[in-house]
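Chain residues, written in single-letter form:
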Amino acid sequence: MSMDKEDIRQLIAQSCLCLDEEDYDGFLQICSSDFTYFVKAFSPDLGMEMVWMDHDHPEFVDMCAMIPKHVRMSGSISRHVNVSLITEISDRNAKVTSKILLVHTGQEGTSTILATGKYVDQITVESNELRIKARNVSLETRKWNPGLHVPI
Amino acid sequence: MTSRTKQQWDERPDLPSDHFVSADIYTKQDIFDEEVTKLFAKQWKFVAHESELPNKGDFRTAEHAGKPLILYRGQDDVVRCFYNACSHRGSLVVTEPRGNAKYLTCFFHLWSFDGKGACTNITKPDGYDACATVTKDKMGLREVKCVVRLGMIFITLDDQAEEFDDYVGDSLNQLEEVMGTKPMEVFHLHRVNMNANWKQWQETNMELYHEWGHVVNRTTSVAASGYHERKWSIHPNGHGWLEPLKVDYGNYEGWGDRDNLLLPGLMPAEFRVVDLFPNTTVIVRGTTVRIDTTIPIAPGVTILEQRGLGLKEDSAEDRRTRQKHHNQFWGPLGRNLSEDVIFVDAVAKANFSNTAKWGIFARHENMGAQDDEIMRAYYSVWGKWMERRANDPYGNMTAATE
Ligand code: FES
Ligand SMILES: [Fe+2]
């Protein structure tokens, strides 16, 4: 199977729709069995990169399973994604860089920008389907209220 | 009787005067303004960790009591603190959060200052020949008292403040071995905007019965054996610390134990907490340390600053593990910290709308983990500095009802 750019765009879009819906089973279905998830942000105060989340597949599954038990910010989050760069590495692997904007809409209807940054996704082929093998989130936003329990 | 009428709801709680506070201490602008001058301008305050400026010439900026500050490690390797204000016309001297320079040169008219705060350059100084007081030796920066203890940098704006070691007494003893044996390093720093009063955040680090509200704390800590038996120690200056606990991290679905990579002096999964009056807390969770402090902006606007620390000597793999442990509970994507922000914002919402007029601190558990004595002591010390009673800050209650 070769990598089709339109299929890759569809995959990234689908991943965001699943996360918006908090459909983590759906999200994991389009991820490979060795999926890894990583969130980082650069700290100008420390002059170094901070790691904010670093999960392998089982850890990611456990984290998602516990989300409903937590006290969370009410409202919904919408991920606005612009797939900006697809670099085909081979017929079975691609690297995709997307700019992201997370918009939060409160229960009363106000929308505010929650975070901006980018996804760098590694795409692979598993069972003859495109899968996300790794999602590395780089955040520019570092000041939060109050914080998130969900994947970005 | 079940619910209460407005009159019943508003009336003074039928409790001893130190067992409740008035919401006015959180919401009123005049009280906040007084806190800046009577508390923050006088007290010792944690501002940064020394690992944030490890090399000679490193500087960091900070803010305290509304004042911009510079922390600067001089060529003599001593960390000092100065107002971030130029001796010339008052510009910020440093406009970046961090950097390195042998001299700090103000970007406005290029006056320079060294690591001891001395003025080392006045641009074209002959322009001041007619004014004998505008000379390098008289134009140093305003130095702020500063000490480093266990790697933590504390400052006070009050030149007459009591010595730091007298101020904290034995409050740092619980951290002595953990933070003082091997050099530590900050690997995480993030800030949170809270729509709440700064004291409401500090309360979350002292009253522990809200741990029932956190699923992680409920399962790993409150359920752990010995949780309630730990005793608070309370220092007369309002600091407090709790005897250690062994946390059952494995009780939270998907988490492992914390038996390895322990910081010096700790048992596996050991938890410690030290609260320093008025707004700093150090929390130890076996392998990693969190330091909280707040930057009060207005009665209902507070910036929380949260740091995470590991050992400076960490290998990449060890650091990764510590960061994972840190991020499980803390950080903006952790399981615990954002819940506290939600709790605190919810309390503030009712306080600032004048809906909830009182906060009750009436638990007695023989100084155990969930005893409110730490809160009562905190507000008693707050009252002394502020010359106001936390339950009646405007002196509205008659002597009989007070
Ligand atoms: S204000 Fe700094 S050199 Fe003039
Ligand atoms: Fe909490």
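Residues numbered from 1 in each chain as written. Chains lettered and ligands numbered in written order. Predicted model: local features only at pLDDT ≥ 70, side-chain atom pairs only at ≥ 80, totals over all residues. Heavy atoms only, no water.

1. Points about the coordination of the iron ion (ligand 2)
Angles at a metal have ideal values that depend on geometry: 109.5 degrees with four tetrahedral donors, 90 or 180 degrees with six octahedral donors.
Residues and elements named next belong to chain B.
1) Next: Each protein donor to the iron ion (ligand 2) is listed here as His210 (NE2), His214 (NE2), Asp340 (OD) and Asp340 (OD); together their distances run 2.0 to 2.3 Å.
2) Next: Each of the 4 donor atoms around the iron ion (ligand 2) contributes to a set of angles spanning 59 to 142°, which defines the coordination as irregular.
3) Next: Owing to a relative accessible area of 13%, His210 belongs among the buried residues under this scheme.
4) Next: Under the relative-accessibility criterion, His214 is labelled buried at 0%. (Donors = N, O, S within 2.8 Å, 3.2 Å for Na, K, Ca; no water. Tetrahedral: all angles 85-135°; square planar, octahedral: opposite > 155°, others 65-115°. Buried < 20%, exposed > 50% of the residue type's maximum accessible area, 1.4 Å probe, protein only.)

2. Focus on the environment of Asn260 of chain B
1) Next: Mapped onto the elements, Asn260 of chain B comes out in the loop between strand E14 (240-246) and strand E15 (270-276).
2) Next: Spatially, the C-alpha atoms of Asn260 of chain B and Phe271 of chain B are 14 Å apart, while their sequence positions differ by 11 residues. (Helix = DSSP H or I, 4+ residues; strand = E, 2+ residues; numbered from the N terminus.)

3. Quick look at the sheet that holds strand E7 (residues 104-105) of chain B
Residues and elements named next belong to chain B.
1) Next: Across the sheet, which stays open at both edges, the 3 strands sit in the order E7-E8-E9 with antiparallel pairing between neighbours. At either margin of the open sheet sits one strand with a lone partner, and together these are E7 and strand E9 (119-121).
2) Next: When E7 meets strand E8 (residues 112-113), the two strands line up antiparallel, connected through 2 bridges. In the strand pairing of E8, Leu104 is matched with Phe113. (Pairing = 2+ DSSP bridges.)

4. Description of the domain arrangement of chain B
All names here are of chain B.
1) Next: One can read the domain layout of chain B as domain 1 (45-160) and domain 2 (183-386).
2) Next: Averaged C-alpha coordinates put domain 1 and domain 2 at centres separated by 32 Å.
3) Next: Interface area, domain 1 with domain 2, both sides summed: about 990 Å², of which 61% is carbon and sulfur.
4) Next: Three residues stand out in domain 1 for area buried against domain 2, namely Lys45, Phe46 and His49, and they jointly supply 43% of the buried area on that side.
5) Next: Across the domain 1-domain 2 interface, the total number found is 1 salt bridge.
6) Next: Applying the counting rule to domain 1 against domain 2 returns 4 residue pairs in polar contact (both at pLDDT 80 or more). (Domains from an automatic or database assignment. Buried area = accessible area lost by both parts, 1.4 Å probe. Salt bridge = Lys/Arg side-chain N within 4 Å of Asp/Glu carboxyl O. Polar contact = N/O pair within 3.5 Å; in protein donor to acceptor, adjacent residues only side chain to side chain.)

5. Overview of empty space enclosed by the protein
Residue and element names in this part refer to chain B.
1) Next: For the structure on display, the rule yields 2 cavities of 30 Å³ or more.
2) Next: Considered as a void within the structure, the largest cavity measures approximately 150 Å³ in volume.
3) Next: Class assignment of the residues belonging to the lining of the largest cavity gives a composition of 6 nonpolar, 6 polar and 4 charged.
4) Next: Estimates place the volume of the second largest cavity at around 50 Å³.
5) Next: Around the second largest cavity, the lining residues are Trp44, Lys45, Phe46, Phe154, Tyr167, Val168, Leu276, Phe277, Pro278, Asn279 and Thr280.
6) Next: Listed by contribution, the elements that provide at least two residues to the lining of the second largest cavity are strand E2 (45-49) and helix H4 (164-168).
7) Next: Broken down by class, the residue content of the lining of the second largest cavity amounts to 8 nonpolar, 2 polar and 1 charged.
8) Next: In this structure, the lining of the second largest cavity is formed jointly by two domains, domain 1 (45-160) and domain 2 (183-386), each of which donates at least three residues. (1 Å grid on protein atoms, 1.4 Å probe; cavity = no way out; pocket = protein on both sides within 12 Å on 5 of 7 lines; lining within 4 Å. Points joined across faces, edges and corners; volume = space filled by probe spheres on them. Nonpolar A, V, L, I, M, F, W, Y, C, P; charged D, E, K, R; others polar.)

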